Amino acid sequence: METPIVKLSDEELKTVYDPSEDSYLLIDALEVDLDMLQATKPGICLEIGSGSGIVITALAMALKKHNSHFIAIDINPDACKITKRTSLDNSVDVDVLQMNLLDCIQIKCTFDVILFNPPYVVTEYDEVLDDRLVFKTWAGGKNGREIMEQVFNIIPEILSESGLFYLVVIKENDPKYILSTFQKLNMSGKIVYERKIRGEHLYILRFRKIKKVKD
Ligand SMILES: C[S@@+](CC[C@H](N)C(=O)[O-])C[C@H]1O[C@@H](n2cnc3c(N)ncnc32)[C@H](O)[C@@H]1O
């Protein structure tokens, strides 16, 4: 998978997440799954919290010939602007919505791929509530799960029957707990990639719906 060109000025870096090891690990995991992703011919792919847009742009570039549609959400208006620019700079198009998580997404079983590299750092709850946009890039509150957990119940509703959900987490988020939470939502998940880097143990979890058996 080609790595998109991303240009962020010093001013933009004050609020927008600079692509880091976690962003690249998610792209690596998507690359490993690329044949599978291409085979499913995804119709609509969604990224929650797109930041610079590097991940959704990489996916859009890799799936270019499949006529898929790409949507990115971020709470940060600067990130939204830059996601759009990153996609166009790399000759793909991503529709961008400035929104809190999945607040205005009501369509059921629509997305074939959903990506989320959330703010996962364990912090005080005050930091989750802090209005400064840069806090939104990392502050995850208790267990680092306070933001990501807000979408867990919604994912099975908006994911298509054969869709895939990719989530970036760290050891402190307790990946096993997250896998068991999704199991209760009728979704099977596993660790598809992991890497230890500078004191952080990163994991990529991939989930799919458990197929209902017809009587
Ligand atoms: C760790 S950064 C990941 C950025 C990018 N996806 C990447 O991998 O480089 C988390 C992103 O989630 C966004 N975010 C945080 N809270 C959000 C919320 N409540 N709704 C939408 N986006 C949010 C942040 O603004 C930030 O861009």
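This is a predicted model, so every value here is computed, not measured.

Re the pairing of strand E5 (residues 159-170)
Sheet topology places strand E4 (residues 111-116) next to E5; 5 bridges connect them, and they run parallel. Bridge pairing links Val113 to Leu164 in E5. In this sheet, strand E7 (residues 200-209) lies alongside E5 in antiparallel orientation, the contact comprising 7 bridges. When the sheet's bridge partners are listed, Leu167 is paired in E7 with Leu205.

A word on the nonpolar core
Grouped together as the largest cluster of nonpolar side chains are 51 residues, with contacts concentrated most on Leu26 and Ile114. It is E5 that contributes the most residues to this core, 7 residues altogether. Excluding anything up to four places from it in sequence, Leu26 contacts Val55, Leu115, Asn117, Tyr166, Val168 and Ile204.

A word on helix H4 (residues 77-89)
With 13 residues, H4 extends 18 Å from end C-alpha to end C-alpha; this agrees with the ideal 18 Å at 1.5 Å per step. Along H4, the residues that are buried comprise Ala79, Cys80, Ile82, Thr83, Thr86 and Ser87. The elements touched by buried residues of H4 are helix H3 (54-62), strand E2 (69-74) and strand E3 (95-98). Ser91, located one to two residues past H4, shows a positive phi value of around 60 degrees.

Considering helix H1 (residues 21-32)
Relative to the 16 Å expected for 12 residues at 1.5 Å per residue, H1 spans 16 Å between its end C-alpha atoms, a close match to the ideal helical length. Listed as buried for H1 are Asp22, Ser23, Leu26, Ile27, Ala29 and Leu30. Axial view of H1: buried residues confined to an arc of 160 degrees, hence all on one face. Buried residues along H1 sit in contact with helix H2 (34-39), H3, E4, E5, strand E6 (187-197) and E7.

Digging into the sheet that holds E5
If you walk across this open sheet you meet the 7 strands as E3-E2-E1-E4-E5-E7-E6, and the pairing is mixed. Lying at the two open borders of the sheet, with one neighbouring strand each, are E3 and E6. Adjacent strand axes in the sheet meet at a mean angle of 15 degrees, parallel and antiparallel pairs treated alike. Direction of pairing for E6 relative to E7: antiparallel, over a ladder of 10 bridges. Residue Met187 lies in a different strand from E7, and its bridge partner there is Lys209. Packing against the sheet, H1 makes contact with E4, E5, E6 and E7, and its axis sits at approximately 125 degrees to E6. Of the strands in this sheet, E5, E6 and E7 are in contact with helix H8 (residues 175-184), which crosses E6 at around 165 degrees.

Observations regarding unusual backbone geometry
At Asn143, a position not held by glycine, the phi torsion is positive, near 60 degrees. In this structure, Asn143 sits in the loop between helix H5 (125-129) and helix H6 (149-152). The backbone of Asp174 sits at a positive phi, close to 65 degrees, despite the residue not being glycine. Looking at the secondary structure, you find Asp174 in the loop between E5 and H8.

Digging into the site of the ligand
As a structural note, the neighbourhood of the ligand is formed by 24 residues, with Ser23, Gly49, Gly51, Ile75 and Asn117 the closest of them. With 3 residues, H1 is the single largest residue contributor to the shell around the ligand. Of the residues assigned to the shell around the ligand, the class counts are 12 nonpolar, 9 polar and 3 charged.

Notes on the pairing of E4
For E4, the buried fraction is high: 6 of the 6 residues fall into the buried class. Summarising the sheet, strand E1 (residues 44-48) and E4 pair through 4 bridges and their orientation is parallel. Residue pairing for E4: Ile48 is matched across the bridge by Phe116.

Thoughts on the packing of H3 against H4
One way to put it is that H3 packs onto H4 with a least axis distance of 9 Å and a crossing angle of 30 degrees. On the basis of their axis angle, the class for H3 and H4 is roughly parallel. Taken as a pair, H3 and H4 cross one another with a handedness that is right-handed. Contacts from Ile54, Ile56, Thr57 and Ala60 in H3 reach Thr83, Thr86 and Ser87 in H4.

About the criteria used
Residues numbered from 1 in each chain as written. Predicted model: local features only at pLDDT ≥ 70, side-chain atom pairs only at ≥ 80, totals over all residues. Pairing = 2+ DSSP bridges. Helix = DSSP H or I, 4+ residues; strand = E, 2+ residues; numbered from the N terminus. Core = buried A, V, L, I, M, F, W, Y, C linked by C-beta atoms within 7 Å. Buried ≥ 20, exposed ≤ 12 C-beta atoms within 10 Å, placed from the backbone. Contact = placed C-beta atoms within 7 Å. Expected span 1.5 Å × (residues − 1). Arc of directions from axis to C-beta. Axes fitted to C-alpha atoms, helices over the stretch in contact; angles between N-to-C directions. Near = placed C-beta within 6 Å. Nonpolar A, V, L, I, M, F, W, Y, C, P; charged D, E, K, R; others polar. Parallel < 35°, antiparallel > 145°, perpendicular 65-115°, else oblique. Left-handed = near helix turned anticlockwise from the far one by under 90°.

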